Number of protein chains: 2
Amino acid sequence: MPPELVAAIEAIAALPGIGRRSAMRIAFDLVRQGPLRVKNFTTALTDLSEHIATCSRCGAYVSRTHEREQCSYCDGVRRSHDTLCIVEQSADIYAVENTGEHHGLYHVLGGVLSPLDGVGPDELKIPQLVERVRTLAIKEAIVATNPSVEGNATGHYIADQLKPLGVRVTRIATGLALGQMLDYAETQAISQSLRQRVEL
Amino acid sequence: MPPELVAAIEAIAALPGIGRRSAMRIAFDLVRQGPLRVKNFTTALTDLSEHIATCSRCGAYVSRTHEREQCSYCDGVRRSHDTLCIVEQSADIYAVENTGEHHGLYHVLGGVLSPLDGVGPDELKIPQLVERVRTLAIKEAIVATNPSVEGNATGHYIADQLKPLGVRVTRIATGLALGQMLDYAETQAISQSLRQRVEL
């Protein structure tokens, strides 16, 4: 097998959820499509990696192509600015948005507390979260971390930090199985767990 | 969702065997990996599309980076030059090679006969096949087209062309289910069907 083919198959197989056989099928497909269509494909990926940034306030994905970085959640005139949904990763925002149940702001933590891995509150955007809740007139903070042991512990830690500020802190219902990842869950299951959120 | 993210997800979802949800997961993963690693990835794909050619004799994938195009099958000193395995696509060669059952030459047709789609013998590399069998001292031609209606019909057409040249023409056994694609089949199944090949 030519070295370029070996290298491409290895690179494709390193993507999440792609096995070696699928990687081969994709590589052969790209060869058949020819340089022009591969160029279009790689340009889309390069644009993605070079032009996507995260909102300096909430952490949502934003496009760098605009003169001024604009976040459709923070700057959205139709969003209610008294409810804040807290998620682990920027991508989780889309999973929540798909439910149509939350119309407020977001805050991306960048992960979950994991003391054994050296991830404490300062390694996450928890100080910034406290500051935002203090500054903005937030009435309710919805903790939408994944329903894992760490996700739950992070939720309780956040509740302890935010309750003294007089804000209501809720947790999405774990209608999801323990360990199931938010960005893989069915929209309906996330929708239900948002509606059944409980007081922390 | 930023337009770059939408475009990248659409481009990834257009790959064979990738659904929208997997495409989103891959796009988010690429964003997290950052521009440098995405650059490595796209370079591997660009190298693939720009440096891969097909051998002018057999149609196998070859690397264009060498001064002179060399085909490891046509030019392989340890390959037996009296047996020729005929496949539909260049990629099918790897499926056959993985069995370790065939140590001879290859010939890629570039498809199968499909009169309704306007694909006749001259649209495939069948004239070149006849010429190669005539020129080289081929003793046996193994037809390894996919076990589809068109693949079988193409095999019979090839047999009619090659038998007058005094060459033995065989067909890999259809231990594979009708309609199953060669490049997705288990190596062992392909291996068995090579061993049980029958006279055409």
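The residue numbers shown here count from 1 along each chain, following its written sequence. The naming scheme follows written order: chains are lettered A onward, ligands numbered 1 onward. Residue-level local features of this predicted model are given only where pLDDT is at least 70; pairs of side-chain atoms are given and counted only at 80 or more, and the full residue set underlies all totals for whole chains, interfaces and linings. To get the side-chain values, take all heavy atoms of the structure and skip hydrogens and water.

J.: Teacher, can you tell me more about the overall build of chain A here?
T.: Secondary structure elements are taken from DSSP: a helix is a run of H or I of four residues or more, a strand is a run of E of two residues or more, and numbering for both begins at the N terminus. Helices and strands together make up the secondary structure of chain A, namely 7 helices and 7 strands. Along the first, second and third principal axes, the C-alpha set of chain A runs to 65 × 40 × 35 Å. Exposure categories follow from relative accessible area, calculated using a 1.4 Å probe and restricted to protein chains: below 20% of the type maximum is buried, above 50% is exposed, and the middle band is partly exposed. Within chain A, buried positions represent 50% of all 200 residues. Note on contacts: a residue pair is in contact if any heavy atoms of the two residues lie within 4.5 Å. When contacts within chain A are restricted to residue pairs at least 6 apart in sequence, long-range pairs at least 24 apart make up 54% of them. By element, 50% of the accessible surface of chain A is carried by carbon and sulfur atoms, the whole surface being about 9700 Å². In this count, Lys and Arg are taken as positive residues and Asp and Glu as negative ones, while His and the chain termini are left out. Charged groups are reduced to one reference atom each: NZ for lysine, CZ for arginine, CG for aspartic acid, CD for glutamic acid. Side-chain charges in chain A split into 20 positive and 23 negative, and the spacing between the mean points of these groups amounts to 5 Å. In these tables, accessible area is a Shrake-Rupley quantity obtained with a 1.4 Å probe, and a residue counts as shielded only by the protein chains included in the view.

J.: Hey, could you run me through the pattern of salt bridges in this one?
T.: Opposite charge on two side chains permits them to pair, given that their charged atoms come into close proximity. Residues and elements named next belong to chain B. We define a salt bridge as a contact between a side-chain nitrogen of Lys or Arg and a carboxyl oxygen of Asp or Glu at a distance within 4 Å. Inspection of every chain in the model, using the stated rule, returns 10 salt bridges over all chains. When the shortest N-O distance is used, the salt bridge between glutamate 131 and arginine 134 registers 4.0 Å. Within this pair, glutamate 131 and its partner arginine 134 are both found in helix α5 (residues 126-135), separated by 3 residues, close to a single helical turn. On the accessibility criterion, glutamate 131 (45% relative accessible area) is partly exposed. Judged by relative accessible area, which is 52%, arginine 134 ranks as exposed. The shortest N-O distance in the salt bridge between glutamate 140 and arginine 168 comes to 3.5 Å. Taken together, the residues span a long stretch of sequence, with glutamate 140 in strand β5 (residues 140-143) and arginine 168 in strand β6 (residues 168-171) at a distance of 28 residues.

J.: Can you help me understand the packing of helix α1 (residues 3-13) of chain A against helix α2 (residues 20-33) of chain A in this one?
T.: Each pair of packed helices gets described by two things: the angle between the helix axes and the distance between those axes. Residue and element names in this part refer to chain A. In this analysis an axis means a line fitted to C-alpha atoms, helices contributing only their contacting stretch, and an angle means the value between N-to-C directions, from 0 to 180 degrees. Close contact between α1 and α2 brings their axes to 8 Å; oriented N to C, the two are set at 125 degrees. Judged by the angle between their axes, α1 and α2 are oblique. Crossing hand, α1 versus α2: right-handed. Between α1 and α2, the residues in contact are Leu5, Ile9, Ile12 and Ala13 and Arg20, Ala23, Met24, Ile26, Ala27, Phe28, Leu30 and Val31, respectively. We call Asp, Glu, Lys and Arg charged. Ala, Val, Leu, Ile, Met, Phe, Trp, Tyr, Cys and Pro are nonpolar, and the rest, Gly among them, are polar. Counted by class, the contact of α1 with α2 contains 11 nonpolar, no polar and 1 charged residues. Roughly parallel refers to an angle under 35 degrees, roughly antiparallel to one over 145, roughly perpendicular to one between 65 and 115, and oblique to any angle outside these ranges. Crossing handedness is defined as follows: a turn of the near helix away from the far one that is anticlockwise and smaller than a right angle gives a left-handed crossing, while the clockwise case is right-handed.

J.: Looking at this model, I keep getting lost on the pairing of strand β4 (residues 105-108) of chain B. Mind explaining?
T.: As a general feature of sheets, a regular strand has side chains that alternate between the two faces. Residue and element names in this part refer to chain B. Side chains Leu105 and His107 project from β4 onto one buried face, and the interleaved Tyr106 and Val108 project onto a second face that is buried too. Pairing analysis gives 4 bridges linking strand β3 (residues 83-87) to β4, with the strands arranged parallel. Bridging from a neighbouring strand, leucine 84 pairs with leucine 105 of β4. Assignment of crossover handedness uses the view with strands pointing away from the viewer, where a clockwise path from the first strand over the helix to the second indicates a right-handed crossover. In this fold, the crossover linking β3 to β4 by way of helix α4 (residues 92-97) has right-handed handedness. Note: two strands are recorded as paired if DSSP finds a minimum of 2 bridges between them.

J.: Looking at this structure, I do not really get the interface of chain B and chain A. What am I missing?
T.: Accessible area lost upon the coming together of the parts serves often as the stated size of an interface. Contacts between the two partners involve 47 residues from chain B and, on the opposite side, 47 residues from chain A. Buried area, as used here, totals the accessible surface that two parts lose on assembly, with accessibility defined by a 1.4 Å probe and the loss added over both. When chain B packs against chain A, close to 4600 Å² is buried across both sides, 71% of that on carbon and sulfur atoms. It is Glu4, Arg21 and Arg25 of chain B in chain B that bury the most area against chain A; as a group they hold 15% of the surface buried on that side. Counting across the chain B and chain A interface gives 0 salt bridges. Any pair of N or O atoms that falls within 3.5 Å is considered a polar contact. Within protein, one atom must be able to donate a hydrogen and the other to accept it, and sequence-neighbouring residues count only if both atoms are side-chain atoms. Linking chain B with chain A are 2 residue pairs in polar contact (both at pLDDT 80 or more), by the criterion used here. Looking at the side of chain B that touches chain A, the elements that each hand over two or more residues are α1 (3-13), α2 (20-33), α3 (35-51) and β2 (61-63) of chain B.

J.: I would appreciate a short explanation of the domain arrangement of chain A in the present structure.
T.: Domain boundaries shown here were taken from an automatic or database domain assignment. Assigned domains of chain A: these are domain 1 (3-50) and domain 2 (78-199). When each unit is reduced to the centre of its C-alpha atoms, the spacing between domain 1 of chain A and domain 2 of chain A is 35 Å.

J.: How should the sheet that holds β5 of chain B be read in this particular structure?
T.: Within a sheet, neighbouring strands are paired by backbone hydrogen bonds and run either parallel or antiparallel to one another. All names here are of chain B. Ordered by their spatial adjacency, 5 strands build an open sheet running β4-β3-β5-β6-β7, and the pairing between neighbours is mixed. Each end of this open sheet is capped by a strand with a single partner; those strands are β4 and β7 (198-199). Of the strand pairs in this sheet, β6 and β7 are connected by 2 bridges, and their pairing is antiparallel. Across the sheet, residue arginine 171 finds its bridge partner in β7, namely valine 198. Across the face of the sheet, helix α6 (residues 149-162) comes into contact with β3, β5 and β6 while running at roughly 170 degrees to β6.

J.: Sorry if this is basic, but what is going on with empty space enclosed by the protein here?
T.: The rolling of a water-molecule-sized probe over the atoms marks out the regions of remaining empty space. Using a grid of 1 Å spacing that covers the protein atoms alone, one calls a set of points a cavity when a 1.4 Å probe fits there but cannot get out, and a pocket when the set is open and has protein on both sides within 12 Å along at least five of seven lines; lining residues are those with an atom within 4 Å of a point. Grid points are joined across faces, edges and corners, and a volume is the space filled by probe spheres set on the points. Throughout the structure, instances matching the rule amount to 1 cavity of 30 Å³ or more. Counted as a void, the largest cavity has a volume near 70 Å³. Lining of the largest cavity is provided by 14 residues; of these, Ile12, Leu15 and Phe41 of chain A together with Leu15 and Phe41 of chain B occupy positions nearest its centre. Going through the elements one at a time, α2 and α3 (35-51) of chain A together with α2 and α3 of chain B are the ones with two or more residues in the lining of the largest cavity. Looking at the lining of the largest cavity residue by residue, the class counts come to 14 nonpolar, no polar and no charged.

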